[in-house]
Amino acid sequence: MFGADKGTAHLLDGKKLSIGIVQARFNEGITNALYAACHAELLALGVQEKNISHVTVPGALEVPVALQAMAERDDFDALIALGCIIRGETYHFELVANESGASVSRLSLDYQIPIANAILTTENLEQAVARQTEKGQDAARVAVEMAHVLERIG
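Residues numbered from 1 in each chain as written. Predicted model: local features only at pLDDT ≥ 70, side-chain atom pairs only at ≥ 80, totals over all residues. Heavy atoms only, no water.

Caption draft 1: Layout of the overall build of the protein. Check the secondary structure of the protein and you find 4 helices and 4 strands. Counted from the first residue to the last, the protein has its helices and strands arranged as β-α-β-α-β-α-β-α. The C-alpha radius of gyration computed for the protein amounts to 15 Å, which stays within 12% of the reference 15 Å derived for 154 residues, consistent with globular compactness. With respect to the three principal axes, the spread of C-alpha positions in the protein is 45 × 30 × 25 Å. For the protein, buried positions account for 45% of its 154 residues. Long-range contacts, defined here as pairs at least 24 residues apart, represent 79% of the contacts in the protein between residues at least 6 apart. A distance of 5 Å separates the average location of the 12 positive side-chain charges in the protein from that of its 20 negative side-chain charges. (Helix = DSSP H or I, 4+ residues; strand = E, 2+ residues; numbered from the N terminus. Rg over C-alpha atoms; globule rule 2.2 N^0.38 Å. Buried < 20%, exposed > 50% of the residue type's maximum accessible area, 1.4 Å probe, protein only. Contact = heavy atoms within 4.5 Å. Lys, Arg positive; Asp, Glu negative; His and termini not counted. Charge placed at Lys NZ, Arg CZ, Asp CG, Glu CD.)

Caption draft 2: Region of interest: the packing of helix α1 (residues 28–44) against helix α4 (residues 125–153). Packing of α1 against α4 leaves a shortest axis separation of 8 Å and a crossing angle of 30°. The angle between the axes of α1 and α4 places the two elements in the roughly parallel class. The two elements α1 and α4 meet at a crossing, and its hand is right-handed. Across the interface between the two elements, G29, I30, A33, L34, A37, C38, E41 and L42 from α1 touch L125, A128, V129, Q132, T133, K135, G136, Q137, A139, A140, R141 and V144 from α4. Each residue belonging to the contact of α1 with α4 can be placed in one class, and the counts come to 12 nonpolar, 5 polar and 3 charged. (Axes fitted to C-alpha atoms, helices over the stretch in contact; angles between N-to-C directions. Parallel < 35°, antiparallel > 145°, perpendicular 65-115°, else oblique. Left-handed = near helix turned anticlockwise from the far one by under 90°. Nonpolar A, V, L, I, M, F, W, Y, C, P; charged D, E, K, R; others polar.)

Caption draft 3: Quick look at helix α2 (residues 63–73). V63, P64, A66, L67, M70 and A71 are the residues of α2 that are buried. Along the long axis of α2, the arc covered by the buried residues comes to 160°, so they all point the same way. Away from the buried face of α2 by more than 90 degrees, exposed residues V65 and E72 are located. In this fold, the buried residues of α2 make contact with β1 (19–24), β2 (52–57), β3 (78–86), α3 (92–111) and β4 (115–122). (Arc of directions from axis to C-beta.)

Caption draft 4: Summary view of the pairing of β2. Pairing of β1 with β2 involves 6 bridges; the strand directions are parallel. Residue pairing across strands places A24 opposite V57, the latter belonging to β2. In the classification by handedness, the crossover that spans β1, the intervening α1 and the parallel β2 is right-handed. (Pairing = 2+ DSSP bridges. Right-handed = clockwise from strand over helix to strand, strands pointing away.)

Function cannot be inferred from these measures alone, as they are strictly geometric.
Encoded structure:
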């Protein structure tokens, strides 16, 4: 939820981490802002520029296949999915939102790699703009924290 109490983050040192980011180009103004906020936050958390890999794909339905290719390389401590799906007049919104979200979750479980899902699903452009910076930053923090959590468990 936008503005929700997310608790106190722990384990936010990204100095030794390698992070992969997949960004959908559909609704590119929003996804570029998501990426800018995410990238800046990763750097602020200590992730080195050389350890951030960024690829773009056409839309949210293509994000999972790029994430899968990254997960199979086994070069990353965490991955980040960035996209923006805005409700339209047809059922297409539900299809894209449900399929992309389920695919991202399945990949995370199948490959046991943290994937921060920042594929926005909003009713309109105004909601997307209101969330683009915070959700980009959140994705960076989730990726870094979960990389450490899984390292501790493993």
